[in-house]
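Overview (structure and organization)
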Amino acid sequence: MTTKRLGSLQAVLLLGLGSVFFLPKEIKVQPSAVALSLPEEVADWHGDNQPITQAERDALGPDTQFARKLYTNGSGDQVFVSIVLSGPDMNTSIHRPERCLPAQGWTVSDSRTTTVPTDERPLKATRLANIRNVPLQDGKLINIRALNYYWFVGSTDVTPSHFQRTWIDIRDRILKGRNQQWAYVMVMASITKDYKIFGRDEKQTDELIQAFISELLPQLHKPAVAPAR
């Protein structure tokens with residue numbers, strides 16, 4: 001290792017060790033800017049509450065909160081919406097759906113970041129394409145495909161990325177002495193063309209979900225909570 005590189009490494013180590021002395025003594029929690037109660041009506045959609053399983057509650061932190069509804073419109077289309085609001089322990093209270101979908105029988109075939117147009121500023125979300133085999137009464141298997149949009153909402157930040165959310169947490173704790181409470185929002189709909197007459201294809205399902213999200217957001221996202229001083 002050259003003298004120049006050694007000097008740079010020493011500088012980084014000294015900076016990292018020195019920053020320990022400037023870490024805030026108290027981390028202040030800032031509440032998430034998301035409404036935990038989902039509305040009963042979203043435009044021409046009506047929502048019915050859906051159960052939270054005991055297995056889900058056991059897998060997450062004891063202070064984790066949930067809201068979950070299945071929305072149906074006059075055409076019989078359905079959109080599933082779930083909110084998970086973290087407790088104090090972020091390591092056990094919130095996670096990416098890529099971790100839990102396989103346990104529910106889903107295989108994630110595609111993952112990308114997409115932009116959802118809204119009346120205000122566009123929303124960036126992670127879009128997952130999922131597939132699973134479902135047995136019919138005659139024993140045959142049918143492929144069910146679905147699209148899943150999700151994003152994270154803190155007190156002042158919204159991000160589609162679990163890794164960016166983690167980086168924001170580290171930045172806030174070290175530089176600002178605060179901890180944003182995060183909510184994970186997920187909106188999911190099936191691609192019905194494969195098993196329903198006049199069903200929606202993937203493009204139409206994308207359009208359906210994005211239109212639903214643009215109607216939901218004004219009732220879901222609260223004004224950002226100002227960080228504590």
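It should be noted that the structure appears before, not after, this text.
As a starting point, this report considers the structure included with it. (Residues numbered from 1 in each chain as written. Predicted model: local features only at pLDDT ≥ 70, side-chain atom pairs only at ≥ 80, totals over all residues. Heavy atoms only, no water.)

Looking at the overall build of the protein chain
We count it as follows: Where helices and strands are cited, they refer to DSSP runs of H or I of at least four residues and of E of at least two residues respectively, numbered from the N terminus. Buried means the residue's accessible area, taken with a 1.4 Å probe over protein chains only, is under 20% of the maximum for its type, while exposed means over 50%, and partly exposed covers the values in between. In what follows, residue pairs with any heavy atoms lying within 4.5 Å of each other are defined as contacts. In short, Shrake-Rupley with a 1.4 Å probe defines the accessible areas, and a residue's cover is counted only from the protein chains shown.
Within the protein chain, the secondary structure is distributed over six helices and eleven strands. Split into buried and exposed, the 229 residues of the protein chain put 41% on the buried side. Partitioning the contacts of the protein chain with sequence separation of at least 6, the portion at a separation of at least 24 is 63%. When the accessible surface of the protein chain is totalled, it reaches about 13,500 Å², and 56% of it is carbon and sulfur.

A short note on the side chain of Thr205
In this fold, Thr205 is placed in helix α6 (residues 202-220). Under the relative-accessibility criterion, Thr205 is labelled buried at 0%. When residues no more than four places from it in sequence are discounted, the contact partners of Thr205 are Leu147, Ala189, Ser190, Ile191 and Arg200.

Details of the pattern of salt bridges
Which entries qualify depends on this criterion: Here, a salt bridge means any side-chain nitrogen of Lys or Arg that lies within 4 Å of a carboxyl oxygen of Asp or Glu.
Tallied over the full model, the rule gives eleven salt bridges. With a shortest N-O distance of 2.6 Å, Arg200 and Asp77 are connected by a salt bridge. Within this pair, whereas Arg200 is found in the loop between β11 (183-191) and α6, its partner Asp77 is found in the loop between β4 (65-72) and β5 (78-85), the two being separated by 123 residues in sequence. An identical accessibility class is assigned to Arg200 and Asp77; each is buried. The closest approach of N and O atoms between Asp194 and Arg145, which form a salt bridge, is 2.9 Å. Residue Asp194 is found in the loop between β11 and α6, and its partner Arg145 is found in strand β8 (residues 141-153); the two are separated by 49 residues along the sequence. Sharing partners across several salt bridges, the network here consists of Asp110, Arg112, Arg127, Arg145, Asp194, Glu202 and Asp206.

Section: the pairing of strand β7 (residues 123-135)
Which entries qualify depends on this criterion: Criterion used throughout: strands pair if DSSP finds at least two bridges between them.
Taken together, the nine bridges between strand β6 (residues 107-116) and β7 define a ladder with antiparallel strand orientation. Within β7, the residue paired with Val116 across the bridge is Leu123. In this structure, the hairpin formed by β6 and β7 is closed by a connection of six residues. One ladder, built from ten bridges, connects β7 with β8; its direction is antiparallel. From the neighbouring strand, Arg132 faces β8, where its bridge partner is Ile144. In sequence, β7 turns back onto β8 through a hairpin of five residues, with Gly139 there showing a positive phi of about 95°.

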